[in-house]
Amino acid sequence: MTRRDDHVVEEALRALGRRFAELDAPPGLAAAVRRRVEAEQVRPGRRLRVTRPVALIAAAAAIMVVALGGVLVLGRSVLQPDAGYGASALPQQRAVTLEQARAMVPIASRVPPEWGPPDRVVVGDGDRPGVMVLSYTVGGRQVVLEESVPGALQIGLHGETRVVGNHLATWLPGVHEERYLDATGAFYTRKFQASRLVWIADGITFALQADVGFDELAALARQVSG
Amino acid sequence: MAGDLDAFGMLVGRYQAAAYRVAVLLGAGGDAEDVVQDAFVKALRGLRGFRAGQPFRPWLLRIVANETRNLHRSRRRRQGLEQRVVAMFPEGVDAGAGDPHLAVVRKELDRRLWAVLQGLPDKDRLVLSCRYLLDLSEGETARVLGWARGSVKSRTSRALARLRAVLGPDLEEGGWQ
């Protein structure tokens, strides 16, 4: 056999792998996992140790340490540069149209029609964007709506939990930082100059940002997802 | 408690597609969904053992790989033979760059390659699936399969040689060029 044969076989295998690249998990898998975990929690004599907050926080911290290492290896700064709307930019951020963003980010994006077309739309994360950011002017104020795939924004362990419409939301007041996980499994951190309200609805993680108080931001959030 | 589950749920959402692909490509076939569910539940139980300095993705994918191998062992015990997963071959991807004839030829070649791959010894199939089908690096493959990195390198070389030997006539006819 020759080196050319090696190359042909390797390329044939890679081409075969590309056939599976679009293979997605069956719908409902995440929900099934959650049901099983919840069922185990109520089973007598059986405890899932890591559901204790301290264990999960420890695990999250461990993941973050790894991620920060990954960021450095990849040459990314831990804090992304300013994006121009009171927040750090997304990694490899670029401006696109709303239609392009919807085609790139694998979520069923929704925006309130009464807000009109966005002033600006950006996506990040290179060729596998998991986050889109839409900037609007609503009532003379800049409002930034971020929509992302579940898991991209790591909100589970900080902020204040509030009820907004039909959802539990996380209220992150004032200047703060938030952590994200990109499609490669690397973490990055963004800094926000204004309050944010984050919630999950219909398979989308929404984050709404404006220089207003909780009540006004919650009212805007209800326009997004009820 | 619900908040913790939400946090873990985000990780599930983020990695479920990769986990499912690994289960399918390492041979779980129609049981891939069950394998991935088992893997996530075990991952949640084992989060305490997750060490700082260890990347999450390969750690999770290793659990998926172990669950897939456990599935194979239980099948052998139950049925006395290996169930292969030709039925999982995806039909929907056009690899013919817009040429319908080329797409049909390409699909048939891929189907044969997939079948040949499923017929290789387990370790050969696993290492080739990780290195080329899943496009993992040697280091990632070592972590996912729980092998030494040197073993990944040598096993890859041997597995490629075995695959080349099986495909010999097809290679000479230029089917994959």
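Residues numbered from 1 in each chain as written. Chains lettered and ligands numbered in written order. Predicted model: local features only at pLDDT ≥ 70, side-chain atom pairs only at ≥ 80, totals over all residues. Heavy atoms only, no water.

1. What about the overall build of chain A?
Moving on, step 1. A tally of regular secondary structure across chain A gives five helices and 11 strands.
Moving on, step 2. Sequence separation of 24 or more characterises 53% of the internal contacts of chain A that already satisfy a separation of 6 or more.
Moving on, step 3. With the model as given, the accessible surface of chain A reaches about 10500 Å², and the carbon-plus-sulfur share is 54%. (Helix = DSSP H or I, 4+ residues; strand = E, 2+ residues; numbered from the N terminus. Contact = heavy atoms within 4.5 Å. Areas by Shrake-Rupley, 256 points an atom, 1.4 Å probe, with all protein chains shown as cover.)

2. Description of the packing of aromatic side chains
Aromatic ring pairs: the centre-centre distance and the angle between the two ring planes describe each pair.
Residue and element names in this part refer to chain A.
Moving on, step 1. Across all of its chains, the model carries five aromatic pairs over all chains by this definition.
Moving on, step 2. Pairing W115 with Y136 gives two aromatic rings, centres 5.1 Å apart and planes at 70°, and the pair type is edge-to-face. Of this pair, W115 sits in the loop between helix 4 (98–104) and strand 2 (120–123) while Y136 sits in strand 3 (residues 131–138), placing them 21 residues apart in sequence.
Moving on, step 3. By relative accessible area, W115 is classed as buried at 7%. (Phe/Tyr/Trp six-rings, centres within 6.5 Å; stacked < 30°, edge-to-face > 60°. Buried < 20%, exposed > 50% of the residue type's maximum accessible area, 1.4 Å probe, protein only.)

3. Thoughts on the nonpolar core
Considering soluble globular proteins, one finds that nonpolar side chains tend to be buried as a cluster.
Moving on, step 1. If you look at the biggest cluster of nonpolar residues, it comprises 62 residues, and the most contacted ones within it are L13(A), F40(B) and L128(B).
Moving on, step 2. With 10 residues, the top contributor of residues to this core is helix 1 (residues 2–25) of chain B.
Moving on, step 3. Of the residues that make up this core, three or more belong to each of domain 1 (2–78) and domain 2 (91–173) of chain B.
Moving on, step 4. Apart from residues lying up to four places away in sequence, L128(B) is in contact with L13(A), L117(B), L120(B), L133(B), T156(B), A159(B), L160(B) and L163(B).
Moving on, step 5. By size, the runner-up hydrophobic cluster in this structure holds 46 residues, among which are L98(A), Y180(A), L220(A) and A221(A). (Core = buried A, V, L, I, M, F, W, Y, C linked by side-chain atoms within 4.5 Å. Domains from an automatic or database assignment.)

4. Digging into the pattern of salt bridges
Moving on, step 1. Counting across every chain of the model gives 12 salt bridges over all chains.
Moving on, step 2. In this structure, the salt-bridge partner of R36(A) is D38(B), at a minimum N-O distance of 2.7 Å. Highlighted residues: R36(A) in helix 2 (residues 29–42) and D38(B) in helix 2 (residues 32–45), drawn from two different chains.
Moving on, step 3. The shortest N-O distance in the salt bridge between E67(B) and K42(B) comes to 2.7 Å. In this pair, E67(B) is assigned in helix 3 (residues 56–79) and K42(B) in helix 2, connecting sequence segments 25 residues apart.
Moving on, step 4. Beyond isolated ion pairs, a larger network of salt bridges with shared partners links E146(A), E178(A), R190(A) and R196(A). (Salt bridge = Lys/Arg side-chain N within 4 Å of Asp/Glu carboxyl O.)

5. Focus: helix 5 (residues 122–133) of chain B
Residue and element names in this part refer to chain B.
Moving on, step 1. Burial analysis of helix 5 places 10 of its 12 residues in the buried class, which makes it a mostly covered element.
Moving on, step 2. Of the residues making up helix 5, those classed as buried are D124, R125, L126, V127, L128, S129, C130, R131, Y132 and L133.
Moving on, step 3. Backbone geometry just downstream of helix 5 places D135 in the positive-phi region, at approximately 60°.

6. Looking at the side chain of S109(A)
Residue and element names in this part refer to chain A.
Moving on, step 1. By secondary structure assignment, the location of S109 is in the loop between helix 4 and strand 2.
Moving on, step 2. With relative accessibility at 15%, the residue S109 sits in the buried group.
Moving on, step 3. Side chain to side chain, S109 and E147 meet in a polar contact 2.8 Å long.
Moving on, step 4. If we ignore the near neighbours within four places in the chain, the residues touching S109 are R102, M132, E147 and I204. (Polar contact = N/O pair within 3.5 Å; in protein donor to acceptor, adjacent residues only side chain to side chain.)

7. Looking at the pairing of strand 7 (residues 167–172) of chain A
On a regular strand, each side chain points to the face opposite its neighbour's, so the side chains alternate between the two faces of the sheet.
All names here are of chain A.
Moving on, step 1. Among the six residues in strand 7, five count as buried, and that is most of the element.
Moving on, step 2. The pairing of strand 6 (residues 160–164) with strand 7 spans five bridges and is classified as antiparallel. Directly across from E160, in strand 7, lies its bridge partner W171.
Moving on, step 3. Hairpin remark: strand 6 followed by strand 7, antiparallel, with two residues in the connecting loop; positive phi at G165, about 60°.
Moving on, step 4. Relative to strand 10 (residues 196–201), strand 7 runs antiparallel, the two sharing four bridges. The partner of A169 across the bridge, within strand 10, is W199. (Pairing = 2+ DSSP bridges.)

8. A closer look at the pairing of strand 11 (residues 204–209) of chain A
All names here are of chain A.
Moving on, step 1. For strand 11, the tally of buried residues reaches six of six residues, placing the bulk of the element in the interior.
Moving on, step 2. A two-sided burial pattern is seen for strand 11, the buried positions comprising I204, F206 and L208 on one face and T205, A207 and Q209 on the other.
Moving on, step 3. Here strand 4 (residues 141–148) runs beside strand 11; their pairing, made up of five bridges, is antiparallel. Bridge pairing in strand 11 links E147 to F206.
Moving on, step 4. For strand 10 and strand 11, the ladder comprises six bridges, and the chain directions are antiparallel. Bridge assignment links V198 to a residue of strand 11, and that residue is A207.
Moving on, step 5. Following strand 10, the chain reverses through two residues before pairing antiparallel with strand 11; D202 in that reversal takes a positive phi of roughly 55°.

9. Concerning the sheet that holds strand 10 of chain A
Residue and element names in this part refer to chain A.
Moving on, step 1. Across the sheet, eight strands lie side by side as 1-2-3-4-11-10-7-6; this open sheet has antiparallel pairing. Looking at which strands have only one partner, the edges of the open sheet turn out to be strand 1 (94–96) and strand 6. Taken pair by pair, the neighbouring strands of this sheet meet at an average axis angle of 30°, ignoring direction.
Moving on, step 2. Of the strands in this sheet, strand 3, strand 4, strand 6, strand 7, strand 10 and strand 11 are in contact with helix 5 (residues 214–225), which crosses strand 10 at around 30°. (Axes fitted to C-alpha atoms, helices over the stretch in contact; angles between N-to-C directions.)

10. With respect to the confidence of the model for chain B
Residue and element names in this part refer to chain B.
Moving on, step 1. Looking at chain B as a whole, its pLDDT mean stands at 76, while 67% of the residues score no less than 70.
Moving on, step 2. For the stretch residues 77–87, pLDDT sits under 50, and the model shows 19 contacts to residues farther than four places along the chain or on other chains.
Moving on, step 3. Per the prediction output, this complex has pTM 0.52; the corresponding ipTM is 0.82. (pLDDT = per-residue confidence, 0-100.)

11. Let's talk about helix 2 of chain B
Moving on, step 1. In this model, helix 2 of chain B (14 residues) spans 20 Å end to end at C-alpha, consistent with the 20 Å of a helix rising 1.5 Å per residue.
Moving on, step 2. Residues of helix 2 of chain B that are buried: A32(B), V35(B), V36(B), Q37(B), A39(B), F40(B), V41(B), A43(B) and L44(B). (Expected span 1.5 Å × (residues − 1).)

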